[in-house]
Amino acid sequence: MQVLFFTPLSATEVAFQQHQLICFDESGYIARLIDSSEADYASVKQAAANAETLTELRDDQYVLPGFIDLHIHAPQWPNAGLALDRPLNEWLDTYTFPLEAKYRDTDFAKLVYADLVHELLANGTTTALYFGTVHNPANLELAKACIQNGQRGFIGKVAMDNPDQTPEYYRDASAASAVADTEQFIQQLTELNRTTDLKQTPVITPRFVPSCTPESLAGLGDLARKYDLPVQSHASESDWEDGYAREHYHIRDAEVLDRYGLLTDKAVMAHGTMLNETDYQLFADRQTAIAHCPISNVYFGNAVLPVKRVMAHHVKLGLGTDISGGYSPSLYQNIRQAVLSSRQLTDGVDNQLSPINRGVADSAIGLRTAFYLATVGGAESLHLKTGRIAPGYLADLQVVSLSTPIPPDSASAIFEKLMIQTTKHTIDHVFVQGKTVK
């Protein structure tokens, strides 16, 4: 592949290279980057052409790392964009739980999940961290959709057994069954992985503190240790969720999760808009990641996640769409919203306050930082060697066209245009582990 590509160097730096070959090995990793000035450039290129494995790009096409989405509620895809004006607890009870209960029908699950995975790949998302439902047959259909479409999935059987916060028609029968069914899903997915080179990863998934009893949280923490698996949940997503933990446990919800062994170096906690300085330090100590979901946070987060403050505490941080609390399956949309929300945090939103009191100074991030979160940030959160275009990294890539008729005259300007203008219709090719999936 002969390209101009962009790859993150750090949270604020993006490198670009042109007239290079990106060479994949048989395992789906980037083996070499060969510059046009190197002696074997022409011979390697010709050999690839002879073998019909050479992809040559147009002048208006550019290569970026594939994106990693750290927070998706897969069963909520049919509800994307629905009732986002309702309070979180009401939205769950009225719209979300009734929809998720439908996944007892595996035919329904198969239809939705095939469409969702296809749509995410079309938007450049090569790796996805998914919440499933309480139904293991449906969760396996999600894993099969990932395998069939060529996406790297991290998939969790949702555990939710608290009768005070979950409806009778949609919850685990008990803490014991929530834990047993989670372990069953781990074993079923391990068996399914024997049939594919693109492995899917089971994830320990307590829905969030209000949905689970102490017994299920403890049992899930035990499973996370037993199998050394990733963990996902929500942490301090809203005033309501934050208040629930303090009312029922008399500690913050991050401390509740930690009490039961669910804050680990393989854990990803969504939202975190209400986390405080003590929580940030706890996350840093445990090496637990946060999934920043900027679109969803506008509707349900009750605050703006202070990205720069989180990163200053050396907390791992990536991006998530949070379908369907986030209406868009595009991480490009969330890159833009992450920047917009950070600027609103900096400037403030109440025009009745004086400028000096209106915002939180030095909170704004730029496109390079948001791009880093969608790539390296997500990869590090999931312990994956991807998110960069460099030898030894997985060949998870997207080829994007620039829609501007007259291209900008600098690589920096091209990068900014790509971040702002890209849609799924201008993403021409997607590769996962070296294989074309779009």
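Preceding this section is the structure that the text describes.
What this report covers is the structure whose coordinates are included nearby. (Residues numbered from 1 in each chain as written. Predicted model: local features only at pLDDT ≥ 70, side-chain atom pairs only at ≥ 80, totals over all residues. Heavy atoms only, no water.)

### Notes on helix α2 (residues 88–101)
So, point 1. At Tyr 95, α2 shows its largest bend, some 35°, and a proline, Pro 98, comes one to four positions later.
So, point 2. Those residues of α2 that sit buried are Leu 88, Trp 91, Leu 92, Thr 96, Phe 97, Leu 99, Glu 100 and Ala 101. (Bend = angle between axes of the 7 residues up to and from the residue. Helix = DSSP H or I, 4+ residues; strand = E, 2+ residues; numbered from the N terminus. Buried < 20%, exposed > 50% of the residue type's maximum accessible area, 1.4 Å probe, protein only.)

### Let's talk about the packing of aromatic side chains
Each aromatic ring pair is specified by the distance between its two centres and by the angle formed by the two planes.
So, point 1. Using the criterion set out here, one finds 13 aromatic pairs in the structure.
So, point 2. When the centroid spacing of 6.4 Å and the interplanar angle of 80° are considered together, the rings of Tyr 299 and Tyr 327 count as edge-to-face. Of this pair, Tyr 299 sits in helix α10 (residues 294–300) while Tyr 327 sits in the loop between β12 (317–319) and α12 (331–347), and the two are 28 residues apart along the sequence.
So, point 3. Three or more aromatic residues joined by ring pairs make a cluster, and in this case those are Phe 6, Phe 16, Tyr 62, Phe 67, Tyr 332, Phe 371 and Phe 415.
So, point 4. A cation over an aromatic ring shows up here: Lys 385 above the ring of Tyr 393, its NZ or CZ 4.8 Å from the ring centre. (Phe/Tyr/Trp six-rings, centres within 6.5 Å; stacked < 30°, edge-to-face > 60°. Lys NZ or Arg CZ within 6 Å of the ring centre and 35° of its normal.)

### A few points about the side chain of Asp 322
So, point 1. The topology assignment puts Asp 322 in the loop between β12 and α12.
So, point 2. Lacking a salt bridge, the buried Asp 322 has Arg 207 as its closest oppositely charged neighbour, with an N-O distance of 8.3 Å.
So, point 3. Sequence-distant contacts of Asp 322, that is, excluding residues within four places in its chain, are made with His 71, His 73, His 271, Cys 293 and Ser 296. (Lys, Arg positive; Asp, Glu negative; His and termini not counted. Salt bridge = Lys/Arg side-chain N within 4 Å of Asp/Glu carboxyl O. Contact = heavy atoms within 4.5 Å.)

### Some remarks on the pairing of strand β10 (residues 267–271)
So, point 1. Counted residue by residue, β10 has five buried out of five residues, so it is predominantly covered.
So, point 2. Direction of pairing for β10 relative to strand β11 (residues 289–292): parallel, over a ladder of three bridges. Within the sheet, the bridge partner assigned to Met 269 lies in β11 and is Ile 290.
So, point 3. Handedness of the crossover joining β10 and β11 through helix α9 (residues 277–286) is recorded here as right-handed. (Pairing = 2+ DSSP bridges. Right-handed = clockwise from strand over helix to strand, strands pointing away.)

### What about the packing of α12 against helix α15 (residues 411–421)?
So, point 1. Remark: α12 packs on α15, axes separated minimally by 8 Å, with the N-to-C direction vectors making an angle of 110°. Put simply, α12 runs roughly perpendicular to α15. Here α12 contributes Tyr 332, Ile 335 and Arg 336 to the contact with α15, which in turn contributes Leu 418, Met 419, Ile 420 and Gln 421.
So, point 2. Considering only residue class, the contact of α12 with α15 consists of five nonpolar, one polar and one charged. (Axes fitted to C-alpha atoms, helices over the stretch in contact; angles between N-to-C directions. Parallel < 35°, antiparallel > 145°, perpendicular 65-115°, else oblique. Nonpolar A, V, L, I, M, F, W, Y, C, P; charged D, E, K, R; others polar.)

### Quick look at α12
So, point 1. Given a rise of 1.5 Å per residue, 17 residues ought to cover 24 Å, and the 24 Å separating the end C-alpha atoms of α12 matches this to within 8%.
So, point 2. Buried residues of α12: Leu 331, Tyr 332, Asn 334, Ile 335, Arg 336, Gln 337, Ala 338, Val 339, Ser 341, Ser 342 and Leu 345, and no others.
So, point 3. The N-cap residue of α12 is Ser 330: its side-chain oxygen and the backbone nitrogen of Tyr 332 are 3.1 Å apart. (Expected span 1.5 Å × (residues − 1). Polar contact = N/O pair within 3.5 Å; in protein donor to acceptor, adjacent residues only side chain to side chain.)

### Some details on the packing of helix α4 (residues 136–149) against helix α5 (residues 175–192)
A packed helix pair is summarised by two numbers, namely the angle formed by the two axes and the spacing between the axes.
So, point 1. One can describe the packing of α4 onto α5 by two numbers: an axis separation of 10 Å at closest approach and a directional angle of 30°. As summarised for this structure, α4 and α5 are arranged roughly parallel, according to the angle between their axes. Remark: the crossing between α4 and α5 carries right-handed chirality. In this structure, α4 uses Asn 136, Asn 139, Leu 140, Ala 143, Lys 144 and Ile 147 to contact α5, whose residues at the interface are Asp 181, Gln 184, Phe 185, Gln 188, Leu 189 and Leu 192. (Left-handed = near helix turned anticlockwise from the far one by under 90°.)

### Remarks on the nonpolar core
So, point 1. Phe 6, Ile 204, Phe 283 and Met 419 are the most contacted members of the largest nonpolar core, which totals 65 residues.
So, point 2. Looking at this core, the element that brings in the most residues is helix α14 (residues 367–381), giving seven residues.
So, point 3. Filtering out sequence-adjacent residues up to four positions away, Phe 283 remains in contact with Ala 235, Ala 254, Leu 263, Met 269, Leu 275, Thr 288, Ala 289, Ile 290 and Val 315.
So, point 4. Judged by nonpolar contacts, the second largest core, of 27 residues, contains Tyr 130, Ala 145, Ile 155 and Ile 323. (Core = buried A, V, L, I, M, F, W, Y, C linked by side-chain atoms within 4.5 Å.)

### A look at the pattern of salt bridges
So, point 1. Using the criterion set out here, one finds 22 salt bridges in the structure.
So, point 2. Glu 56 is the salt-bridge partner of Lys 45, the closest N and O atoms lying 3.3 Å from each other. Pair noted here: Lys 45 is in helix α1 (residues 41–50) and Glu 56 is in the loop between α1 and β4 (61–65), with a separation of eleven residues, a long-range link.
So, point 3. Ionic contacts of the salt-bridge type, sharing partners, join the residues Asp 242, Arg 246, Arg 252 and Asp 279 into one network.

### Overview of the pairing of strand β7 (residues 152–159)
So, point 1. Burial analysis of β7 places eight of its eight residues in the buried class, which makes it a mostly covered element.
So, point 2. Every second residue of β7 is oriented toward a common face, with Arg 152, Phe 154, Gly 156 and Val 158 on one face and Gly 153, Ile 155, Lys 157 and Ala 159 on the other, all of them buried.
So, point 3. Across five bridges, strand β6 (residues 125–131) lies against β7 in parallel orientation. When the bridges of β7 are listed, Thr 127 appears paired with Arg 152.
So, point 4. Since β6 and β7 lie parallel, the crossover through α4 that links them has a hand, and here it is right-handed.
So, point 5. In this sheet, strand β8 (residues 201–206) lies alongside β7 in parallel orientation, the contact comprising six bridges. Of the residues in β8, the one forming a bridge with Val 158 is Thr 205.
So, point 6. In terms of handedness, the path from β7 via α5 over to β8 forms a crossover that is right-handed.

Treat this as a map of the structure, not an account of what it does.
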